[in-house]
There are 2 protein chains.
Amino acid sequence: MKNEDEQPHFAMNGGDGPLSYLQNSSYQRRVLEFAKAIIEEEIETKLEISSKHNHGLFCIADFGCSTGNNSFPAMHAIIEAVKRKYECSDLKTPESYVYFNDVVSNDFNTLFSSLPPFRRYAVAAVPGDFHGRLLPPSSLHFAYSSWSLHWLTEAPKAVADSGSPAWNGGEIVYTRERKEVCDAYLDQFGKDVESFLTSRAVEMVEGGLMALLLPGAPAAWDPEKEYTMVSLVEPLRSSLVNMALQGRLCKAKSETFNFPGYIPTPEELISILQKSNSFSIERMEILKPGTLLTVDGHVAFFRAVKQNMLTHEFGDEIIDETFNLLKKKLQSSPAYANPSNDRTVVVVVILKCNDV
Amino acid sequence: MKNEDEQPHFAMNGGDGPLSYLQNSSYQRRVLEFAKAIIEEEIETKLEISSKHNHGLFCIADFGCSTGNNSFPAMHAIIEAVKRKYECSDLKTPESYVYFNDVVSNDFNTLFSSLPPFRRYAVAAVPGDFHGRLLPPSSLHFAYSSWSLHWLTEAPKAVADSGSPAWNGGEIVYTRERKEVCDAYLDQFGKDVESFLTSRAVEMVEGGLMALLLPGAPAAWDPEKEYTMVSLVEPLRSSLVNMALQGRLCKAKSETFNFPGYIPTPEELISILQKSNSFSIERMEILKPGTLLTVDGHVAFFRAVKQNMLTHEFGDEIIDETFNLLKKKLQSSPAYANPSNDRTVVVVVILKCNDV
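Residues numbered from 1 in each chain as written. Chains lettered and ligands numbered in written order. Predicted model: local features only at pLDDT ≥ 70, side-chain atom pairs only at ≥ 80, totals over all residues. Heavy atoms only, no water.

A. Seen up close, the pattern of salt bridges. Residues and elements named next belong to chain A. Enumeration according to the criterion identifies 40 salt bridges over all chains in this entry. One salt bridge connects glutamate 40 with lysine 36, and the closest N-O pair in it is separated by 3.5 Å. Here glutamate 40 pairs with lysine 36, and both are found in helix α1 (residues 26-46), just 4 residues apart, close to one helical turn. Relative accessible area serves as the criterion here: at 35%, lysine 36 is assigned to the partly exposed category. The partner of lysine 83 in a salt bridge is glutamate 80, and the shortest N-O contact between them spans 3.7 Å. (Salt bridge = Lys/Arg side-chain N within 4 Å of Asp/Glu carboxyl O. Helix = DSSP H or I, 4+ residues; strand = E, 2+ residues; numbered from the N terminus. Buried < 20%, exposed > 50% of the residue type's maximum accessible area, 1.4 Å probe, protein only.)

Quick look at the structure:
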């Protein structure tokens, strides 16, 4: 098994305090509320439940569970839907096992201490990078991953290389306006999704289902009047560059730092998923839940997600100031004046593991 | 699944600081060094490895792993011994999976962050009480539990009941001198070991091996000149009663508080294990490693193990003082003047899961 420490994987903010992911992930929770009916329908109509597919055991894994608060209702919904399906058959309802996966530095202690008390499933935590193998072969009946697959194994090397046409240092530009930068990110995203699917194909049983929930962006929007999940990255980078100009952090570092994340268009995502020989796309829906977040809400949400990475890169003494600067930038942007300007979409995809 | 919060299970001290279990469990580490050769021999001679017993997968669980520092070398030794056995056969060496189990409040974050970097096994953490079911049926090939089974699900109710002949309140006496108290504890220990074995019998494959390492005590020793692991309980209770007399904690609480742990004689343990229909005893060894602990070492060791429980019961403001009192009591006892006065033994038992 590879050494997890070799790769820079960053957990969401742990604990349950005011800066925690637990307290600042209501958006991700709403995403599930929108996607729940889709997942339930697909389990009812597509899940294969003959005794060939399980031996008294139904295993579900959440890849990217964080501290669990958004994972528990998802696991509950899946287990109840599976149970209804079995109850309508002449088969015995299997025991349910849930594997909670996230990076090694994730706060699993908080997850364990907040497990629903009367849950109807056994649990295990599986730490590690979900782009690699984590579970035994043919052991998984349902794979779930929400708001996680847009994290990359690393920012593409080309965007931090000043000799590359995809060099993204120095000037602060919206990345989608730079085709080379965007292509380098999309390429890395494609490779990472492929690694994820290749690993899951080994772990899943034939006929098993996978539900992916991801943030998506339209191919274009007007940054003066509208925003998406992608839009937050540039004012945050701009805050870091401002601080570098004031000598508060290393300029070279602020220029070569790029977030290891990519938010695809639904078309880009579908084109990547269609390349898989192991999975077929059963359904894809594009939802527009709207963020409903104020500027303060955006900053808190982004801080819960990015703080550990920024601390690792620049030290924790710059964190408060960076997010204060971000807040000022958002406050002065007409795009963030109204949550209805949000153009982010949520892509829900249901895949089925093929007979290979 | 039952609500874990209903039962008072207490984790060892977490983290890696000066009071942590990680820093204060060298005794438990030495126990493994003594037991390692026995486990390796039994794997070599008794483990059944036909393809009937595994499908490319070898699963090991450590029941009571704490923060992992003593678990990792044990898991490594078992996996290497299994690997050697497969390499001497014409079978393909299976993938290894290790399930780390401890109570829900255990510090699994520290365990994950200290996983050996180049380990040759995949990992999962399974939180919960090992007296109940934790893993899927017939999924486990090797069960290991070191220095954990002497923890009880609860102190026997009779010893905290002032109307019972087993009432253990008020006066501070060495429990082995009170037959009723001792019998109540032994009865609870027997029930708890039975629950442990019943759960493991479902989880283990036929022919799977189990290694149990437990502290043991001789049937009698001279408390003036000698000590065992049991002996530490009474001066600690006595410290609590001293503090109650000074009004530092509630007298009634100090009188009804009993530790949920029992250290059996080897004969008591064997008689309980022999009752199991699911397991046969393949080997039992009684080792005398000696503690080699100074008084400070004893206090640190005991604090790492008992602090969470005492904090829960009496509040954290009494902890430092309680352990200072314990230290004074041990310093003034001739029994603790020399580590060679230690009469604690280590019982190593190898069980095999029967065809049922």
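B. How the structure looks around the interface of chain B and chain A. Contact residues are listed per partner, giving 31 residues for chain B and 31 residues for chain A. Both faces considered, chain B and chain A share a buried interface measuring about 2,500 Å² in area, 56% of it formed by carbon and sulfur atoms. Scanning the region where chain B abuts chain A turns up 2 salt bridges. The salt bridge involving B:Arg133 is made with A:Glu95; its shortest N-O contact spans 3.2 Å. Our enumeration of links across chain B and chain A arrives at 12 residue pairs in polar contact (both at pLDDT 80 or more). Where the side of chain B that touches chain A is concerned, the elements lending two or more residues are β2 (95-102), α3 (108-113) and β3 (122-127) of chain B. Of all the elements, β3(B) adds the most residues to the side of chain B that touches chain A, at 6 residues. Here the residues of the side of chain B that touches chain A sort into 19 nonpolar, 4 polar and 8 charged. (Contact = heavy atoms within 4.5 Å. Buried area = accessible area lost by both parts, 1.4 Å probe. Polar contact = N/O pair within 3.5 Å; in protein donor to acceptor, adjacent residues only side chain to side chain. Nonpolar A, V, L, I, M, F, W, Y, C, P; charged D, E, K, R; others polar.)

C. Representation of the packing of α1(A) against helix α2 (residues 71-87) of chain A. Residues and elements named next belong to chain A. Relative orientation of the contacting elements α1 and α2 amounts to 20°, with a least axis distance of 9 Å. Put simply, α1 runs roughly parallel to α2. Of the two elements, α1 crosses α2, and the hand of that crossing is right-handed. Note on element contacts: α2 touches α1 through Pro73, Ala74, Ala77, Ile78, Ala81, Val82, Arg84 and Lys85, opposite Arg29, Leu32, Lys36, Ile39, Glu40, Ile43, Glu44, Thr45 and Lys46. Here the residues of the contact of α1 with α2 are counted per class, giving 9 nonpolar, 1 polar and 7 charged. (Axes fitted to C-alpha atoms, helices over the stretch in contact; angles between N-to-C directions. Parallel < 35°, antiparallel > 145°, perpendicular 65-115°, else oblique. Left-handed = near helix turned anticlockwise from the far one by under 90°.)

D. Geometry of the relation of the copies chain B and chain A. Screw-axis analysis of chain B against chain A gives a translation of 0.0 Å along the axis, an RMSD of 0.0 Å, and a rotation angle of 180°. Viewed as a symmetry operation, the transformation between the two copies matches a two-fold axis. Distance from the rotation axis, computed per C-alpha, reaches its smallest value in chain B at B:Ala125: 2.5 Å. A share of 100% of the interface residues of chain B reappears at the interface of chain A, consistent with the copies meeting face to face through the same patch. (Least-squares fit on C-alpha atoms with pLDDT ≥ 70 in both.)

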